[in-house]
Amino acid sequence: MSYFPEIPKIAYEGPKSKNPLSFKHYNPEELVEGKSMREHLRFAAAYWHVMRNPLADPFGGGTALTPWDDGSNSVANAQKRVRVFFEFLEKIDIDFYCFHDRDVAPECDTLAESHAALDAVAGTLAEEQQRTGKKLLWGTACLFAHPRFAQGGATTPSLSVFAHAAAQVKKAISVTKELGGGGYVFWGGREGYSSLWNTDMKHELDQLAAFLHMAVAWKKEIGFTGKFWIEPKPREPSTHQYDSDAAACFNFLREYGLFDEFELNIETNHATLAGHTMRHELTVAANAGRLGSIDANRGDELIGWDTDQFPTNIYLAAEVMLVVLGMGGFKEGGLNFDAKRRRESHHPVDLFHAHIGGMDAFARGLKIAAAIRADGRIEEFVKNRYSSWNSDLGRKILSGKASFAELEKIALSQPAPTLASGGQEYLENILNEFL
Ligand code: XUL
Ligand code: CO
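Residues numbered from 1 in each chain as written. Chains lettered and ligands numbered in written order. Predicted model: local features only at pLDDT ≥ 70, side-chain atom pairs only at ≥ 80, totals over all residues. Heavy atoms only, no water.

Caption draft 1: Main features of the site of ligand 1. Taken together, the residues surrounding ligand 1 are Trp48, His100, Trp138, Trp187, Glu231, Lys233, Glu267, His270, Asp295, Asp306 and Asp338. Glu267 is positioned with one of its side-chain polar atoms (N or O) 2.8 Å from an oxygen atom of ligand 1. In the environment of ligand 1, an oxygen atom lies 3.0 Å from a nitrogen or oxygen atom belonging to the side chain of Asp295. Alone, ligand 1 offers 290 Å² of accessible surface; in the complex the protein occludes 94% of this. (Near = heavy atom within 4 Å. Polar contact = N/O pair within 3.5 Å; in protein donor to acceptor, adjacent residues only side chain to side chain. Areas by Shrake-Rupley, 256 points an atom, 1.4 Å probe, with all protein chains shown as cover.)

Caption draft 2: Inspection of the domain arrangement of the protein at higher detail. Segmenting the protein into domains produces domain 1 (26-375) and domain 2 (394-433). Here the C-alpha centroids of domain 1 and domain 2 sit 40 Å apart. (Domains from an automatic or database assignment.)

Caption draft 3: View of the packing of helix 11 (residues 314-326) against helix 12 (residues 348-375). Running from amino to carboxyl end, helix 11 crosses helix 12 at an angle of 60°, the nearest separation of the two axes being 7 Å. Relative to helix 12, helix 11 is oriented oblique. Helix 12 is crossed by helix 11, and the crossing has right-handed handedness. Residues Ile314, Ala317, Ala318, Val320, Met321, Leu322, Leu325 and Gly326 of helix 11 form the contact with helix 12, whose participating residues are Ala361, Phe362, Arg364, Gly365, Leu366, Ile368, Ala369, Ala370, Ile372 and Arg373. Per-class residue counts for the contact of helix 11 with helix 12 are 14 nonpolar, two polar and two charged. (Axes fitted to C-alpha atoms, helices over the stretch in contact; angles between N-to-C directions. Helix = DSSP H or I, 4+ residues; strand = E, 2+ residues; numbered from the N terminus. Parallel < 35°, antiparallel > 145°, perpendicular 65-115°, else oblique. Left-handed = near helix turned anticlockwise from the far one by under 90°. Contact = heavy atoms within 4.5 Å. Nonpolar A, V, L, I, M, F, W, Y, C, P; charged D, E, K, R; others polar.)

Caption draft 4: Inspection of the packing of aromatic side chains at higher detail. Summed over all chains, the structure comprises 26 aromatic pairs. Look at Phe186 and Phe228: their rings are 5.1 Å apart centre to centre, the planes differ by 80°, and that puts the pair in the edge-to-face class. Taken together, the residues span a long stretch of sequence, with Phe186 in strand 8 (residues 183-186) and Phe228 in strand 10 (residues 227-230) at a distance of 42 residues. Here Phe186 falls in the buried class, since its relative accessible area comes to 10%. Classification of Phe228 by relative accessible area gives buried; the value is 0%. With 6.0 Å between their ring centres and 40° between their planes, Tyr193 and Tyr242 make a pair best called tilted. Placement of Tyr193 in strand 9 (residues 192-193) and of Tyr242 in the loop between strand 11 (240-241) and helix 8 (246-255) is noted, with a sequence separation of 49 residues between them. One exposure class covers both Tyr193 and Tyr242, and it is buried. Each residue in the set Phe23, Tyr26, Phe43, Phe310 and Phe337 is aromatic and connected to the rest through ring pairs, giving one cluster. Positioned above the aromatic ring of Phe259 is the side chain of Arg290, whose terminal nitrogen or guanidinium carbon lies 4.3 Å from the ring centre. (Phe/Tyr/Trp six-rings, centres within 6.5 Å; stacked < 30°, edge-to-face > 60°. Buried < 20%, exposed > 50% of the residue type's maximum accessible area, 1.4 Å probe, protein only. Lys NZ or Arg CZ within 6 Å of the ring centre and 35° of its normal.)

Structure (structure tokens):
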């Protein structure tokens, strides 16, 4: 039984191909810097967008055609979707996937029934992983869709909602472990507030920290060896989200003694909503040795919300891959397409066009980043820019052994300083040589 009977397995045909159902640049076994593209990029598909996004917007209902779905909330329907999804993964040649508990399995009347439904669907996920060799990149719990979470999950004022959230996360971590997930993501969709008139911010942050400490304890208790990743986002759905950007996350983690237990999952459209570039957020995370994984998508310059578009911008993909190569590649993480088709692209074939575009863009980004590194001019320029620090005085300052008084003596005795050019345009021109 095939759910995408008209779609062949997508294969690499090279840049001259006019076949829309082929890769023009993603050639999985091609070596870049001595490693295959497949190993570098570690693509993942997002279950919630591929299988569960009806393509609705605030002005109209869903348009997505899902002929395999009977529209029911049954476990059988959820298990059928899993089979459809794995056929999709096989045909698109994506090795990993990510899910929320409530996208793969139905939310039932009681928590106990929801747990049982998740176990039943996890069984089908395990079977399909076994059959296809596909792997779980990360799992997570949905603490934002159900009305009980309207005022937060870990940061809710209600202790009983907090307990429910804890139970849900406990279960989702266990299922992620059973399915061999590389990581577990905490995205705080409603961990924030809309007004300080009704919010005790300090209390909510204390709650969040207590919640995450218990998650760490559970991880250790069950021996889950994957990573914990926090996914920063400044707003939407909350007006102010606590995990607003990479720096805010690190500050919180350090303040509450959680820094060693968490890395970050950085998402492009969240970075831009925070008023940063993706490269900024990736660099902050990588500098802390804590860039775990990436949610690859993009926003729209004309729209101020999280449009979650497929990443087709080659310039951006090259910047992302420069950071990834610079940190020595992904370990447990990868590039998860947390991206949805436009509402107008409602046919199943559009799922393939969308992922092919993202994969080809990142294949080019990878090759461009590798070429820039091999060329070395940009790196050399930046290194030279700081060369005055390669001196006894520079080393003394950076090791904390210099004083203002000493520097004042030097500044008074030396001629007026001169500066070399920052060379931004020169460097941008070099980048364009490789695009
Ligand atoms: C929402 C978002 C989530 C997380 C997982 O903006 O990115 O889908 O990736 O909860
Ligand atoms: Co995301």
